[in-house]
Amino acid sequence: MKEEFKIAWRNLWRNRRRTIITAASVFFAVFFAVVMRSYQLGSYDHMINNFIESFTGYLQVQHVNYQDNPLIDNSFGYNDSIVSAISKIDRVVSVTPHLESFTLASSGTQTKGAAVIAIDPIKERAFSDPESKLVKYRITDEAVMRLQDADALPDEIIEKLKKNLGRSYSSSARVELELGLTSEDNELCMPDILKYSEVSNEFLADDDDGILVSDKLASYLKVTVGDSVILMGQGYHGISATGIFPVRGILKMPSPEIDNKLIIMTIPAAQKFYDAKGKITSLVVNLTDKSNRTIKTAKDRINSLLTDKNTITKTWYELNPILYQQIQGDSQSGMAMLAILYFIIFFGIFGTVLMMVSERKKEFGILVAIGMQKKKLKRIVSIEMLFLGAIGLVCGLLAGTPVILYFYYYPIVLKGDMANMMEDFGWDAVMPTAWFGPYFYWQAGIVAIMVVLATIYPLRKIGRLKEIEALKS
Amino acid sequence: MKQYFIYLILATGVSFNHLSAQDLSATEIVKKADEKFNGEKSSYSLMSMTIIRPGWQRTIDFKSWTFGRDFALTLITAPAKEAGQSFLKRGPEMWNWNPSINRLIKLPPSMMSQGWMGSDYTNDDILKESSVVNDYIHEMAGEENIDGRVCYKISMTAKENASIVWGKQIRWIDKKEFLVLKAELYDEDGYLVRTETGSDIKVMDGRTVTSKIKLIPEEEPQNLTYIEIREIKFNIPVEESYFSQQNMKRVR
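Asks: Any chance you could explain the overall build of chain B here in plain terms?
Replies: On a plain count of helices and strands, chain B comes out with four helices and 13 strands. By the burial criterion, 32% of the 252 residues in chain B qualify as buried. For chain B, the share of sequence-separated contacts (at least 6 apart) that also reach a separation of at least 24 residues comes to 44%.

Here you go:
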């Protein structure tokens, strides 16, 4: 056996160029498959994590019926001790109570349906952080007029401002981006623009009885900070919930759909409004990562902490099955892309093997003619292929590793509208690669299988070898 | 309690017009039953409504004044969170006054099919109650026994141009006292939507009435709403001007 290995090794290096070409085809196959999959998984994962972390959370404690029937009747009693108990569980990042319902919001003659989310102003900072979404600057008619009067800005910038009339921004960086000023203009004009367009806005105090209204809803209702909004809806156990709430601040929500209907208030105010003493509809739990193991252990441990039989912990994919299926679907289409890549790669490897066999046909013929057993010859060729595959595989993985590492730590930064949108949501506009996981070995495994498949051809060829024909060729 | 006894004493003295069945058409029976309950001219009543849902129930107390068929004023007196809300009905329109938000709201047609105060009664039920006489074609469908009382069974089909949600009703009206003991309400496709029953027959303000009305929706049989009449007075001195938006805010 040792001898066979020796012969195989020598055979490989007898025709160095052919060996390198074959090994290179395996190398590129592994390299591309690993890097592509890592990139696919990583960037997609990043987006999903962002989405889950700011919308549903990884886990939610809810009343058992809440998901099917999101009524305030399906709420549950809550206290700080359960929050601190859950916070202590391994890998839990944040625990945020929510009390969510729908009501009518009305001011003057305008009325509109609104999603009311009651929060704990301090705890919420770790989750959706509404404070960062408060409108800081608004380009109003008045602001533009005053800027014109002050005569501090060139006309073209006034024109740009007029194009963005009525827009609101939650940071000065966003104003800059939207106006698209040159850096010179920027330094010159921004202080004035910011000065005149600044809006005063407050966040909710701990036991505030006021509300925050999303920008589009506020402009529909024609309310600003200091005005009042009437809320009318159904409270706990069908009681009529009505109340007047002062507007403390206006929020600019990045999603237009949410911007059209969001009202935020404190949990105590909402409990009073809905007559739901001490109740909330969900506890949103964020974890360090969304691996199955982390989610499952955290879920089990939270479930064991829950004393109320009517409450249950649900995972993000139970809460949002459509998103989950979409992710699965996208992952499948990524796999399909990979399958096409594999297909091309396989024929690359197979082509070089084919070439090798036809080149060595005479050699095989001579070997068999002078008495070498076909069995032995097959073994030697198999070992050769094994070496080739191993060299390509190892080199491919070694070459892929630094690329994956680099893009994991220094991910590709997105630019343009897509990036703006992501930043609006408070997400990083980057596309990182995925850390080494099962996918890494899988790609290597699949390429190894392809090498084995490609080996079948020379073995069959040797099996059917007719010495005379081979010698004549 | 004292009052109740007085009514009892009075009631025993009242001799009711005993009309024989042959003299009455189905329409007249329905009309009689309707007037008996709502008063020929006006009425005042003190009621409580209990809403029963799987897992919880709650009771709302309210006072109600009616005048003719077109005017009604209802004031919620309990629970405290909802007390002071009032509802005004003038003809086909309905308003709601809510003191906690200082607002008078006209209930739009889109809200007519929604539950009144979260009960199984819809706003439309409260508005259109009086049209049982005018909006239906009544037909005698025989006699049946309900709770040991002999009843006319009257089938009522909605008139073609009437704006009512029901396609058909069947009412069982007590022969002697003209009390609606049972009513089945069907939609326009002929499916049973809900059943109402009247029970706990008492004499109040000189009239024998069913003091408990129960409503069972067919599709959610575990849901239930019943109204209990605590006190009722018929033909009280009240004027049309009483049923005004100003009075909605004042009435106690």
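Following the structure, the description resumes.
Asks: Quick question: what am I supposed to make of the overall build of chain A here?
Replies: Along chain A, the regular secondary structure elements total 18 helices and 15 strands. Projecting the C-alpha coordinates of chain A onto the three principal axes gives extents of approximately 105 × 65 × 35 Å. Buried residues in chain A amount to 36% of all 473 residues. A sequence separation of at least 24 residues applies to 79% of the contacts in chain A between residues at least 6 apart.

Asks: Could you clarify how one ought to interpret the confidence of the model for chain B in this entry?
Replies: Caution applies to low-pLDDT parts of the model: their predicted coordinates are not meant to be read in detail. All names here are of chain B. Per-residue confidence for chain B gives a mean pLDDT of 84, with 89% of residues at or over 70. Every residue in residues 8-21 scores below 50 in pLDDT, and together they form seven contacts with partners more than four places removed in sequence or on other chains. Prediction confidence for the complex, expressed as pTM and ipTM, is 0.75 and 0.73 respectively.

Asks: How do you make sense of the environment of Asp187(B) when you look at a structure like this?
Replies: Residues and elements named next belong to chain B. Here Asp187 shows up in the loop between strand S10 (180-186) and strand S11 (192-204). We classify Asp187 as partly exposed; it has 14 C-beta atoms within 10 Å. Along the sequence, Asp187 and Arg230 sit 43 residues apart, while their C-alpha atoms lie 31 Å from each other.

Asks: Sorry if this is basic, but what is going on with the nonpolar core here?
Replies: Among soluble globular proteins, nonpolar side chains are generally buried collectively. Residue and element names in this part refer to chain A. In terms of nonpolar packing, the biggest core is built from 57 residues, with Ile211, Val213, Val229, Leu251, Ile263, Ile264 and Val285 touching the most fellow members. The contacts of Val213, once residues within four sequence positions are left out, are Ala218, Val223, Val229, Val247, Ile250, Leu251 and Ile263. Phe31, Met450, Ala454 and Ala470 belong to the second largest nonpolar core, which has 29 residues in total.

Asks: Looking at this model, I keep getting lost on the domain arrangement of chain A. Mind explaining?
Replies: One widely used convention gives an interface's size as the accessible area the parts lose upon coming together. All names here are of chain A. Under the domain assignment used here, chain A contains domain 1 (2-52 + 323-472) and domain 2 (96-135 + 199-294). The C-alpha centroid of domain 2 is placed 53 Å from the C-alpha centroid of domain 1. Contacts between the two partners involve six residues from domain 1, matched on the other side by four residues from domain 2.

Asks: Explain the environment of Ile227(B) here, please?
Replies: Residue and element names in this part refer to chain B. The residue Ile227 is located in strand S13 (residues 224-234) in this model. On the neighbour-count criterion, Ile227 (20 C-beta atoms within 10 Å) is buried. Each C-alpha atom, one on Ile227 and one on Asp61, is 9.5 Å from the other, the two residues being 166 residues apart in sequence.

Asks: I tried to follow unusual backbone geometry on my own but got confused; where do I start?
Replies: When glycine is set aside, most residues are seen to have a negative phi, and most peptide bonds are trans. That bond from Ala78(B) to Pro79(B) is cis: its omega, 0 degrees, falls within 30 degrees of zero. As for its placement among the helices and strands, Pro79(B) is situated in the loop between strand S3 (71-78) and strand S4 (86-90). One non-glycine residue with positive phi stands out, namely Asp275(A), at about 60 degrees. For Asp275(A), the location among the structural elements is in the loop between helix H10 (267-274) and strand S11 (279-280). One non-glycine residue, Asp205(B), lies in the positive phi region at around 50 degrees. Its location among the elements puts Asp205(B) in the loop between S11 and strand S12 (207-217).

Asks: I'm lost on the environment of Val209(B) in this one. Help?
Replies: Residue and element names in this part refer to chain B. By the secondary structure assignment, Val209 is in strand S12. The spacing of Val209 and Leu181 is 28 residues in sequence and 9.9 Å in space, taken between C-alpha atoms. With sequence-adjacent residues up to four places away left out, Val209 is seen in contact with Phe37, Leu179, Lys202, Met204, Ile229 and Ile232.

Asks: I'm lost on the interface of chain B and chain A in this one. Help?
Replies: Taken together, the contacts link 11 residues of chain B with 10 residues of chain A. Residues belonging to the side of chain B that touches chain A are distributed by class as follows: four nonpolar, three polar and four charged.

Asks: Quick question: what am I supposed to make of the packing of helix H13 (residues 321-359) of chain A against helix H17 (residues 438-463) of chain A here?
Replies: Residues and elements named next belong to chain A. Put simply, H13 and H17 touch, their axes get as near as 10 Å, and they point 30 degrees apart. If you check the angle between H13 and H17, you find them roughly parallel. Seen along the crossing, H13 lies across H17 with a hand that is right-handed. Contact residues: H13 offers Tyr342, Ile345, Phe346, Ile349, Phe350, Val353, Leu354 and Val357, while H17 offers Ile446, Met450, Val451, Ala454, Tyr457, Pro458 and Lys461. Residues that form the contact of H13 with H17 fall into these classes: 14 nonpolar, no polar and one charged.

Asks: What is the right way to read the packing of helix H15 (residues 374-409) of chain A against H17(A) from this model?
Replies: Helix-helix packing is characterised by the crossing angle of the two axes and by the distance between the axes. All names here are of chain A. Following both chains from N to C, one finds H15 and H17 inclined at 155 degrees, their axes separated by 9 Å at the closest point. As summarised for this structure, H15 and H17 are arranged roughly antiparallel, according to the angle between their axes. The handedness of the crossing between H15 and H17 is right-handed. Counted together, Lys374, Leu377, Lys378, Val381, Ser382, Met385, Gly389, Leu393 and Leu397 of H15 and Ala444, Val447, Ala448, Val451, Thr455, Pro458, Leu459, Ile462 and Gly463 of H17 form the full contact between these two elements. Class assignment of the residues belonging to the contact of H15 with H17 gives a composition of 12 nonpolar, four polar and two charged.

Asks: Sorry, what's going on with the confidence of the model for chain A here?
Replies: Mean pLDDT over chain A stands at 87; residues scoring 70 or higher make up 100%. Helix H16 (residues 417-424) of chain A is the least confidently modelled element of chain A, averaging 74 in pLDDT, while strand S10 (residues 262-266) of chain A averages 95, the highest of any element.

Asks: Which parts of the structure should I look at to understand the pairing of S4(B)?
Replies: Along any regular strand the residues' side chains alternate between the sheet's two faces. Residue and element names in this part refer to chain B. Across the five residues of S4, four count as buried, placing the element largely inside the fold. Where S3 meets S4, five bridges bridge the pair, whose relative direction is antiparallel. Paired with Thr74 across the two strands is Phe87, which belongs to S4. Two strands pair when backbone bridges link them, and S4 and strand S5 (residues 93-98) are joined in this way by five bridges, in the antiparallel orientation. Looking at S5, one finds that Arg90 is bridged to Glu93. With antiparallel pairing between neighbouring strands as the criterion, S4 and S5 make up a hairpin whose turn holds two residues, including Gly91 at a positive phi of roughly 60 degrees.

Parameters and conventions
- Residues numbered from 1 in each chain as written.
- Chains lettered and ligands numbered in written order.
- Predicted model: local features only at pLDDT ≥ 70, side-chain atom pairs only at ≥ 80, totals over all residues.
- Helix = DSSP H or I, 4+ residues; strand = E, 2+ residues; numbered from the N terminus.
- Buried ≥ 20, exposed ≤ 12 C-beta atoms within 10 Å, placed from the backbone.
- Contact = placed C-beta atoms within 7 Å.
- pLDDT = per-residue confidence, 0-100.
- Core = buried A, V, L, I, M, F, W, Y, C linked by C-beta atoms within 7 Å.
- Domains from an automatic or database assignment.
- Nonpolar A, V, L, I, M, F, W, Y, C, P; charged D, E, K, R; others polar.
- Axes fitted to C-alpha atoms, helices over the stretch in contact; angles between N-to-C directions.
- Parallel < 35°, antiparallel > 145°, perpendicular 65-115°, else oblique.
- Left-handed = near helix turned anticlockwise from the far one by under 90°.
- Pairing = 2+ DSSP bridges.

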